[in-house]
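Fold and geometry: a report
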Amino acid sequence: MVRKKGSLILCGAFLFVAWNALLLLYLWGRPPIGRLGEGGGAEPGGNEEWGVGRGKGSRVNLAGEVIRLAEEVEIQLETQKELLKQIESHRAVWARQKDVGKRETDSTKQEELEVVHQSPEPALPLRDNVDDKAQTVKQAQKLVATVAPDARLQGDAVKEDVGDNNKPTTSAASPEVVIPILVIACDRVTVKRSLDRLIQYRPSPELYPIIVSQDCGHAETARVIDSYGQQVTHISQPDLSDIRVRPEHRKFQGYYKIARHYRWALNQVFRTFSQSTVVIVEDDLEVAPDFFEYFRALYPILRSDPTLWCVSAWNDNGRDALVDPGKAELLYRTDFFPGLGWMLLKEMWEELEPKWPSAFWDDWMRQPEQRKDRSCIRPEISRTITFGRKGVSLGQFFDQYLRYIKLNTEFVPFTKQDLSYLLKEKYEERFIKEVYSAPLVKIEELHQGGSLKGSGPYRVQYSSRDSFKVLARNLGVMDDLKSGVPRTGYRGVVSFLHRGRRVFLAPPEGWKQYDISWS
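What this report covers is the structure whose coordinates are included nearby.

Rules and cut-offs
- Residues numbered from 1 in each chain as written.
- Predicted model: local features only at pLDDT ≥ 70, side-chain atom pairs only at ≥ 80, totals over all residues.
- Heavy atoms only, no water.
- Phe/Tyr/Trp six-rings, centres within 6.5 Å; stacked < 30°, edge-to-face > 60°.
- Helix = DSSP H or I, 4+ residues; strand = E, 2+ residues; numbered from the N terminus.
- Buried < 20%, exposed > 50% of the residue type's maximum accessible area, 1.4 Å probe, protein only.
- Salt bridge = Lys/Arg side-chain N within 4 Å of Asp/Glu carboxyl O.
- Disulfide = S-S within 2.5 Å.
- Pairing = 2+ DSSP bridges.
- Axes fitted to C-alpha atoms, helices over the stretch in contact; angles between N-to-C directions.
- Contact = heavy atoms within 4.5 Å.

1. Some remarks on the packing of aromatic side chains
Within the structure shown, the criterion is met by 24 aromatic pairs. Centre to centre, the rings of phenylalanine 431 and phenylalanine 504 are 6.4 Å apart; their planes meet at 70°, and the pair counts as edge-to-face. Of this pair, phenylalanine 431 sits in helix α11 (residues 424-436) while phenylalanine 504 is found in strand β21 (residues 501-506), placing the two residues 73 residues apart along the sequence. In this pair, the class of phenylalanine 431 matches that of phenylalanine 504, namely buried. Among the aromatic side chains, those forming a connected cluster through ring pairs are Tyr262, Trp309, Phe337, Trp342, Trp349, Trp356, Trp361 and Trp364.

Below you can see the structure in the form of structure tokens.
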């Protein structure tokens, strides 16, 4: 087919050259137009013949002859134009045919390569496959991805199987699963501190693409984000309007906008960019050196255990005096949703999104209707800290608790460890045995410490909402409960360090369920 098209093009070119040569010979054979007063012709507009001496033959209309000649030239030019169009059309067909052939060849080679290597199908790159109709450009040298159907972030798909014993067994491709980092931003220019650490510790831009979703339309913050160029993808929440709320909730307008932004941003990650999971951080979080390692290792655990619904980098009771600095590798299950750097699967988002709340999304997540007796994974030492005193909470919670959280500084190679102990069947039996075999002590004994020997663990028991709050305050841990669940609690048990001793603040043995009235 290509050879045939090439012959047509050569034939067309030959006809074009031949036609012009004939036209040139035809015009050359005509007598030249004379100058005024010469016998070899007459100036246009005169009354003398072309190529005829003065006083010879009949006289013709020189102007008419010029018009006729011009028309002939115009006809010849039109003919040449048609020839050029035909040649161009054949060239375009040839080029298309050549391109199709190349694509078919490349496709065949790719299929053969996939059969040989049995590699998973790669997702399409985000920046090269955005639908032009939905793409917008912010600033001259910065691509800002907006709603872009069928876009993909780079990376390989993960394939996993869950065995009969519920232990995750991953294929060779599972370490290559793409884990996007979604940064929720608004009007804090200090987002730079968060992005600097993420980029510094990120082991691979392809496996951990950073998507910064900005609300508020704050120009200075947008410029800071855009300054990172191709290192991040900047998307902008399009609806900046105020939300109609009842009069007593006008002061909570910010919480409504945050919930709206989260919903939009998560839909972009899972529906527009078609990702299978995401780690959500806010623009005032700084991450630990092993932040990416932590989530990479725990992804298969989250994927395989249906009793888990998130992995969090945060310990609500992670103040320096309450954690064991020598146990950076220690991980727990918790019934309390921690947030503040957390991993979510697409399947879980598909469950939550249809009923997503209009405000206070984090407390909504802690309700039993959403939690459904599922747990999260959290660390002994936090893999995130917050530096954002500015926010909708006006800094009160930050000054009281958040500013004292300890950030892990030791890199733990979680991906080389066996984390199957976090699966419910293994974890729960061991955890209950450890808690309720610990000696039961009174809080006074912990404070005095004279009669207690060793680093524990010890157990302090509470029996009511009020007794929990009193004991929690005296031991220095957070005393609030959400739908009856204490912060960091698992089966009602809160684990922490007190004066160097491991302590379990626990309900009586035989605990069955949380009392939602304890809130």
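Once the structure has been displayed, the description carries forward.
2. Quick notes on the pattern of salt bridges
Going through the model one piece at a time under the given rule, you end up with 26 salt bridges. Notably, a salt bridge pairs lysine 257 with aspartate 242, separated by 2.9 Å at the nearest N-O pair. Highlighted residues: lysine 257 in helix α5 (residues 253-272) and aspartate 242 in the loop between β9 (233-236) and α5, separated in sequence by 15 residues. Classification of lysine 257 as partly exposed rests on a relative accessible area of 22%. Between arginine 371 and aspartate 373 there is a salt bridge; the shortest N-O distance is 3.7 Å. Owing to a relative accessible area of 7%, arginine 371 belongs among the buried residues under this scheme. Taking relative accessible area as the criterion, aspartate 373 reaches 65% and is therefore assigned exposed. Here the salt bridges share partners, and the residues they tie into one network are Arg188, Asp283 and Asp284.

3. With respect to the state of the cysteines
Taken as a whole and judged by the stated rule, the model has 2 disulfides. Disulfide pairing is shown between cysteine 186 and cysteine 216; the S-S distance is 1.5 Å. Measuring handedness by torsion sign, the sulfur bridge of cysteine 186 and cysteine 216 sits at about -85° and is left-handed. Within this pair, whereas cysteine 186 is found in the loop between β7 (181-185) and α3 (191-201), its partner cysteine 216 is found in the loop between β8 (210-214) and α4 (219-226), the two being separated by 30 residues in sequence. By relative accessible area, which is 22% here, cysteine 186 ends up partly exposed. Disulfide pairing is shown between cysteine 310 and cysteine 376; the S-S distance is 2.0 Å. Here the disulfide of cysteine 310 and cysteine 376 is right-handed, its torsion about the S-S bond being about 120°. Separated by 66 residues along the polypeptide, cysteine 310 in strand β12 (residues 308-312) and cysteine 376 in strand β15 (residues 375-379) bring together distant segments of the chain. Classification of cysteine 310 as buried rests on a relative accessible area of 1%. Taking the relative accessible area as the measure of exposure, cysteine 376 reaches 0% and is therefore buried.

4. Observations concerning the sheet that holds strand β17 (residues 458-461)
Note on sheets: strands pair through backbone hydrogen bonds, and any given pair is parallel or antiparallel. Here we have 3 strands laid out as an open sheet, ordered β17-β21-β20, and mixed in their pairing. Strand pairing shows two members of the sheet lacking a second neighbour, β17 and β20 (494-498), which therefore form its edges. Recorded for the sheet is a direction-independent mean angle of 30° between the axes of neighbouring strands. The pairing of β20 with β21 spans 5 bridges and is antiparallel. Note on β21: the bridge partner recorded for histidine 498 is arginine 501. Where α11 meets the sheet, its contacts fall on β17 and β21, and the angle it forms with β21 comes to roughly 100°.

Don't take any of this as a statement about function, it's just geometry.
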